[in-house]
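# Per-entry structural report
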Amino acid sequence: MSPSPVSSTPILRRTLIWSAVAAAALAIVAGGVGFLVAQGEGLVSGLLGVLLSALFLAITGASILIANRWYGDPLYVQLFFAIVLGGWLLKLGVFVVVMILLAGQPWLHPMVFFLSIIAGVIMSLVIDVIVLTRMRLPNVSDVTLPTEVPEDVAPGARDIPDAGASEGGPRS
């Protein structure tokens with residue numbers, strides 16, 4: 001497969017990779033703190049909170065990367081927004097189902113679970129800021145500018161070689 005012509009693709013890939021590595025490190029910390037606070041329940045709650053936050057936050061980046069595969073297609077804009085919106089709806093549905101299933105579970109420590117989700121969100125935001133401030137993305141990207149202004153060429157002059165130079169010398 002050829003590399004994506006969309007200039008945001010490397011930024012999104014780097015963000016997802018850094019987020020996965022940071023989520024693994026945060027899972028160790030959250031699991032350890034959870035274990036110290038509430039033994040087995042805290043360990044599971046910390047790991048589950050980090051896992052869910054990493055999953056929910058990765059869905060958006062992954063959906064944009066998937067949508068960018070259709071760049072250049074006449075329906076690219078419609079496909080892009082349909083895929084990204086579908087990812088957000090998927091996150092909302094999974095979040096509601098998971099929260100309903102986890103509500104009142106005796107093996108879940110609510111405070112450790114909540115704080116590990118918050119830590120995962122903060123971690124993701126910090127990574128997004130770091131990656132976006134270090135990466136270079138032009139203000140105008142993925143655009144091809146015209147090489148000549150159509151109004152500067154007289155009608156029918158395209159067929160005559162050097163027609164623009166024979167119009168009476170320099171313009172003032």
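The rules behind these values
- Residues numbered from 1 in each chain as written.
- Predicted model: local features only at pLDDT ≥ 70, side-chain atom pairs only at ≥ 80, totals over all residues.
- Heavy atoms only, no water.
- Helix = DSSP H or I, 4+ residues; strand = E, 2+ residues; numbered from the N terminus.
- Buried < 20%, exposed > 50% of the residue type's maximum accessible area, 1.4 Å probe, protein only.
- Contact = heavy atoms within 4.5 Å.
- Phe/Tyr/Trp six-rings, centres within 6.5 Å; stacked < 30°, edge-to-face > 60°.
- Core = buried A, V, L, I, M, F, W, Y, C linked by side-chain atoms within 4.5 Å.
- Expected span 1.5 Å × (residues − 1).
- Bend = angle between axes of the 7 residues up to and from the residue.
- Patch = residues over 30% accessible without salt bridge, like charges linked within 9 Å, V, L, I, M, F, W, Y side chains within 5 Å.
- Areas by Shrake-Rupley, 256 points an atom, 1.4 Å probe, with all protein chains shown as cover.
- Salt bridge = Lys/Arg side-chain N within 4 Å of Asp/Glu carboxyl O.
- Axes fitted to C-alpha atoms, helices over the stretch in contact; angles between N-to-C directions.
- Parallel < 35°, antiparallel > 145°, perpendicular 65-115°, else oblique.
- Left-handed = near helix turned anticlockwise from the far one by under 90°.
- Nonpolar A, V, L, I, M, F, W, Y, C, P; charged D, E, K, R; others polar.
- pLDDT = per-residue confidence, 0-100.

### Brief notes about the overall build of the chain
- Along the backbone of the chain there are three helices and zero strands.
- Secondary structure elements in the chain, listed N-terminal to C-terminal, are α-α-α.
- Put simply, the chain has 172 residues, and 27% of those count as buried.
- Considering only intrachain contacts with a sequence separation of at least 6, the fraction spanning at least 24 residues in the chain is 76%.

### Points about the packing of aromatic side chains
- Tallying each qualifying case throughout the model produces four aromatic pairs.
- The interplanar angle of 45° and the centroid separation of 5.9 Å between the aromatic rings of Y76 and F80 together place this pair among those described as tilted. Taken together, the residues span about one helical turn, with Y76 and F80 both in helix 2 (residues 76–102) at a distance of four residues.
- With a relative accessible area of 16%, Y76 lands in the buried category.

### Some words on the nonpolar core
- Counting residues in hydrophobic clusters, the biggest one holds nine residues: I11, A23, L26, A27, A30, V50, M123, I127 and V131.
- The leading source of residues in this core is helix 1 (residues 9–67), at six residues.
- Excluding residues within four positions of it along the chain, V50 makes contact with A23, L26, A27, A30 and S116.
- The next biggest cluster of nonpolar side chains, apart from the first, holds eight residues, and it includes L12, I64, L65 and Y76.

### What about helix 1?
- In this model helix 1 runs just 10 Å from its N-terminal to its C-terminal C-alpha over 59 residues, more than 12% under the 87 Å that 1.5 Å per residue would give.
- The sharpest bend along helix 1 reaches about 150° and sits at A38.

### With respect to unusual backbone geometry
- With a phi close to 50°, Q39 is a non-glycine residue in the positive phi region.
- Secondary-structure assignment places Q39 in helix 1.
- Judged by its relative accessible area of 47%, Q39 is partly exposed.

### Let's talk about a nonpolar patch on the surface
- On the surface, I17, W18, V21, M111, F114, L115, I118, I122, V126 and I130 cluster together into a nonpolar patch covering about 920 Å² of accessible area.
- Broken down by secondary-structure element, the contributors of at least two residues to the nonpolar patch are helix 1 and helix 3 (110–134).
- The biggest single contributor to the nonpolar patch is helix 3, with seven residues.
- Counting through the fold element by element, I122 comes out in helix 3.
- Residue I122 is classed as partly exposed on the basis of its relative accessible area, which comes to 47%.

### Digging into the packing of helix 1 against helix 3
- Orientation of helix 1 relative to helix 3, taken along the N-to-C sense of each, is 160°, at an axis distance of 9 Å. As the angle between them shows, helix 1 and helix 3 are arranged roughly antiparallel. Like other packed secondary-structure pairs, helix 1 and helix 3 cross with a definite hand, here right-handed.
- Taken together, the residues of the contact of helix 1 with helix 3 break down into 21 nonpolar, eleven polar and three charged.

### What about the confidence of the model for the chain?
- The pLDDT averaged across the chain works out to 84; a share of 80% of its residues lies at or above 70.
- The secondary structure element of the chain with the lowest average pLDDT is helix 3, at 90, and the one with the highest is helix 2, at 93.

### Quick word on the environment of V84
- With respect to the helices and strands, V84 occurs in helix 2.
- Sequence separation between V84 and I59 is 25 residues, and the spatial gap between their C-alpha atoms is 8.9 Å.

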